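Residue strings, one per chain:
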Amino acid sequence: MKKSYRYRIYPNKEQKTLLEQHFGGTRFIYNRSLFIKNLMYSKFKINVTEIDLNNNLKLLKELHPWLKDQNSQSLQQANKNLLTGFKNFFEGNGAYPTRKNKKDQNFSFQVPQNYQINLTTSKIYLPKIGWMKIVLHRDFLDKEFIENELVTKEVNGEIILDQKLNRKFDIFKTLTVSRTSAGRYHVSILIDNHVPEPEPVEFDEKTTVGIDVGLKSFAALSTGEIIDNPRFLNTSLDRLKKLQRDVSRMKKGSRNRKKAVLKLAKHHQLIQNQRNDFQHKLSMKIISESQATCIEDLNVKGMVRNHCLAQSISDVGWSEFIRKLTYKAEWYGKTILQIGRFEASSKLCNVCGYKKDDLTLDIREWECPSCKTLHDRDINASINIKKIALNNLSTAGTAGRAC
Ligand SMILES: [Zn+2]
C-alpha cells in the first residue's frame, strides 16, 4: 500500500531561491513540452514520446542556461507528469492537459531519487539544494527497516536514510517539494510500505514449500534444494576470532586496546550486515517462489543450551530468518504454516511413513529399510514438515466445518 507523509522543511535564504527556481523550472518544462506535443501533433500528426521530450531537455538547457542549475530528474519528472496527464485524458480519467500558471498557486516539483534524511539530526538532503532542517513529527519508517539497515546507513553514529539504498526494496517513491501561499515549505514522501492486499493468496500442495533448518547447510527445501551458508560468513567469523584474540592480548585501558575494541565492534556490525543481507535475499526468494511456506517452530534457545551445536545454530540465526520470512509473507499476502517442534519430521520416511527411531544427528543420509528410498536427512525432513503442516491444516479445516 502506498502512503504519503508530509513534513515541514526549513530552507535557508539561499535554498529558498533554489527551490523557487525549481518550481519555475519544472513548470517551464511542463508548459514547453505541452506546447511541443500539441504542435507536433496538430502540424505533423507526430506523437511525441517521453524519450523525445527528455532528449529535448538538452537543447532547452543550451537555450536557457538557468535550467542547468536544476535537478535533471525533477525536470524529467515534469515530462512524465505531462504524459501521465495525457494518458489519463485518453483513458477518460481526466481533463486535457493545460498550461500551468503561476497564478494557480501550483508551487511544487518532484524529486524521484537520491534524497536523504538524517534521522538523528532531522535534516533532509535534496540534490542541487543541499541539507535542510525537517520536522519529523511522526514516524514514516518502520523500526524494522532501521534495525535491519534496509534503507539506512550509519555515518559518524548518525542514522541516515538514503533513497539510493532503497532500490531493491522499492519503499521510497517520489518526493514532492511544495510551498504554500503562506510561504511554508513542505516535502511529501510517497512510501510503499508493502502491506499486503487484504485478500491472502491461495495456495495448494504444489505452491507450498517446506523448509528445514540445516546444520551443515543453512536450510533444506522440500523442492530438493540445499541452501548453503554463505562463504563470506565463514571468512568473517575467522576474522572475528582473530580480532577477539587481539583485544584480549592488549593491556586493559591502553589506547591500542581501545582501538582494537572499536575494530571488533565494526567487524561485528559487518557480520550483522552480511547476515541480514543474505537472509533478506533468501527470504525474499522463498516468499516470491511459493504461496505458502511450512516451517518448524524451533525453540532455538533450548537447542543452543543443550547441544554442542550452539555455534552453528546461533550462527545461522534461524529465528531471525523466520522473523524476516514471516513479515515478508505478510507484505505479500503469503502464508506461513508452523508445526510443533516435537513432530518427528527427521525420522519419518516421507515416501512410506516408516519411522527410523535410531537416526542420530551425525547421520546425513539414510536408506529407508522399508521402501529402500535413499534420503538426504534435511531434504527428507523439509518434505515431512510440508506434509505435516498441510495435513494439520486440512484436519483443522474439517474439524472447523464439523462444528
Ligand atoms: Zn520408506
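Scoring rules and cut-offs
Positions within a chain are numbered from 1, following the residues in the order the chain's sequence is written. In keeping with the predicted nature of the model, local features appear solely for residues at pLDDT of at least 70, side-chain atom pairs appear and are counted solely at 80 or more, and the whole-chain, interface and lining totals rest on all residues. Excluding hydrogens and water, the side-chain figures rest on all heavy atoms present in the structure. To qualify as a helix, a DSSP run of H or I must reach at least 4 residues; to qualify as a strand, a run of E must reach at least 2; elements of each kind are numbered from the N terminus. Two things to know: the radius of gyration comes from C-alpha atoms, and the globule rule equals 2.2 Å times the number of residues to the power 0.38. The classification of residues rests on relative accessible area computed with a 1.4 Å probe and restricted to protein chains. Under 20% of the type maximum is buried, over 50% is exposed, and intermediate values are partly exposed. Contact between two residues is taken to exist if any of their heavy atoms lie within 4.5 Å; hydrogens are not considered. What sets the accessible areas is the Shrake-Rupley method with a 1.4 Å probe; for residues, cover comes only from the shown protein chains. The convention is simple: Lys and Arg are positive, Asp and Glu are negative, and His and the chain ends are not counted. One atom stands in for each charge, and that atom is NZ of Lys, CZ of Arg, CG of Asp or CD of Glu. Note on donors: an N, O or S atom is included if it sits within 2.8 Å of the metal, or within 3.2 Å for Na, K and Ca, and water is never included, so sites can look incomplete. By the convention used here, strands pair only if DSSP detects at least 2 bridges between them. Angular values range over 0 to 180 degrees, each being the angle between N-to-C directions of two axes fitted as lines to C-alpha atoms, with helices fitted over their stretch in contact. Here is the rule for angles: anything less than 35 degrees is roughly parallel, anything more than 145 is roughly antiparallel, 65 through 115 is roughly perpendicular, and the remaining ranges are oblique. By definition, turning the near helix anticlockwise from the far helix through less than a right angle yields a left-handed crossing, and turning it clockwise yields a right-handed one. Side-chain classes follow a simple rule in which Ala, Val, Leu, Ile, Met, Phe, Trp, Tyr, Cys and Pro form the nonpolar group, Asp, Glu, Lys and Arg form the charged group, and the remainder, Gly included, forms the polar group. With a 1 Å grid spanning the protein atoms alone, the term cavity applies to any set of points in which a 1.4 Å probe fits but cannot get out, the term pocket to an open set with protein on both sides within 12 Å along at least five of seven lines, and the term lining residue to any residue with an atom within 4 Å of a point. Grid points are joined across faces, edges and corners, and a volume is the space filled by probe spheres set on the points. Note that the domain bounds reflect an automated or database-derived domain assignment. Between rings of Phe, Tyr and Trp, where Trp is taken as its six-membered ring, a pair exists when centres lie within 6.5 Å; planes separated by under 30 degrees are stacked, by over 60 edge-to-face, and by other angles tilted. In this scheme, Lys NZ or Arg CZ marks a charge over a ring once it lies within 6 Å of the ring centre and within 35 degrees of the ring normal.

Where an unreviewed UniProt entry is consulted, the protein appears under the name Transposase, with the organism given as Methanomethylovorans hollandica.

Caption draft 1: How the structure looks around the overall build of the protein. Scanning the protein from N- to C-terminus turns up 10 helices and 16 strands. Here the protein has a C-alpha radius of gyration of 29 Å; the compact-globule value for 403 residues is 22 Å, and the former is much larger. Dimensions along the principal axes, computed over C-alpha positions, put the protein at roughly 85 × 70 × 40 Å. Evaluated residue by residue, the protein yields a buried proportion of 42% over its 403 residues. Once local pairs closer than 6 in sequence are excluded, the contacts in the protein between residues at least 24 apart make up 67%. For the protein, the accessible surface area stands at approximately 22,800 Å², while carbon and sulfur atoms represent 52% of it. Between the mean site of the 67 positive side-chain charges and the mean site of the 43 negative ones, the protein shows a separation of 10 Å.

Caption draft 2: Local environment of the coordination of the zinc ion. Around the zinc ion, the donor atoms from the protein are Cys349 (SG), Cys352 (SG), Cys368 (SG) and Cys371 (SG), and they sit 2.2 to 2.3 Å away. Within one chain, the residues serving as donors to the zinc ion are arranged as C-x2-C-x15-C-x2-C. Pair noted here: Cys352 is in the loop between strand E14 (335-339) and strand E15 (365-367) and Cys371 is in the loop between E15 and strand E16 (374-376), with a separation of 19 residues, a long-range link. Judged by relative accessible area, which is 28%, Cys371 ranks as partly exposed.

Caption draft 3: Here's a closer look at the sheet that holds strand E7 (residues 158-162). The nine strands are arranged E2-E8-E9-E1-E5-E4-E3-E7-E6 in an open sheet whose pairing can be described as antiparallel. Whereas interior strands pair on both sides, the edge strands pair on one side only; in this sheet they are strand E2 (108-111) and strand E6 (152-155). Across the sheet, the mean angle from the axis of one strand to that of its neighbour is 30°, orientation sign disregarded. Judged from the four bridges that link them, E6 and E7 form a sheet pairing that is antiparallel. Within E7, the residue paired with Glu154 across the bridge is Ile159.

Caption draft 4: Examining the side chain of Gln77 more closely. Mapping Gln77 onto the fold places it in helix H3 (residues 72-90). In this structure Gln77 comes out as buried when scored by relative accessible area, which is 10%.

Caption draft 5: Highlighting the packing of helix H1 (residues 13-44) against H3. Two numbers describe how H1 lies on H3: the axes approach to 9 Å, and their chain directions differ by 45°. One element, H1, and the other, H3, form an angle in the oblique class. Considering how the two elements wind past one another, H1 and H3 form a crossing that is right-handed. Listed contacts from H3 to His22, Gly25, Thr26, Ile29, Tyr30, Ser33, Leu34, Lys37 and Asn38 of H1 are Ser74, Leu75, Ala78, Asn79, Asn81, Leu82, Leu83 and Phe86. Classifying every residue of the contact of H1 with H3 by side-chain character gives eight nonpolar, eight polar and one charged.

Caption draft 6: Spotlight on the layout of surface pockets. The calculated volume of the second largest pocket comes to roughly 360 Å³. Lining the second largest pocket are 18 residues, and of these Leu150, Lys168, Phe169, Asp277 and His280 lie nearest its centre. Within the residue set of the lining of the second largest pocket, elements represented by two or more residues are E6, helix H6 (255-289) and helix H9 (318-331). It is H6 that provides the largest number of residues to the lining of the second largest pocket, a total of six residues. When its residues are assigned to classes, the lining of the second largest pocket shows six nonpolar, six polar and six charged. Taken domain by domain, the makeup of the lining of the second largest pocket includes at least three residues from each of domain 1 (2-192) and domain 2 (208-228 + 275-402).

Caption draft 7: Up close: the sheet that holds strand E13 (residues 292-296). Taken together, five strands build an open sheet; the order of strands is E12-E11-E10-E13-E14 and the sheet is mixed. Each edge of the sheet is formed by a strand with only one pairing partner; in this case those strands are strand E12 (226-227) and E14. Note: E13 against E14, five bridges, orientation parallel. Opposite Cys294, over in E14, you have Leu337 as the bridge partner.

Caption draft 8: Looking closely at the side chain of Asp162. As for its placement among the helices and strands, Asp162 is situated in strand E7. Take Asp162: its relative accessible area is 3%, and that puts it in the buried class. If we ignore the near neighbours within four places in the chain, the residues touching Asp162 are Tyr115, Gln116, Val151 and Lys153.

Caption draft 9: Region of the structure containing the packing of aromatic side chains. In this structure the tally under the stated criterion is 14 aromatic pairs. When the centroid spacing of 5.1 Å and the interplanar angle of 65° are considered together, the rings of Phe89 and Phe90 count as edge-to-face. Ring centres of Phe140 and Phe172 lie 6.0 Å apart, and the angle between their planes is 80°; on these two criteria the pair is classed as edge-to-face. Of this pair, Phe140 sits in the loop between strand E5 (130-135) and helix H4 (143-147) while Phe172 sits in strand E8 (residues 172-179), and the two are 32 residues apart along the sequence. One exposure class covers both Phe140 and Phe172, and it is buried. The ring of Tyr41 carries Lys45 above its face, with NZ or CZ at 5.1 Å from the centroid.

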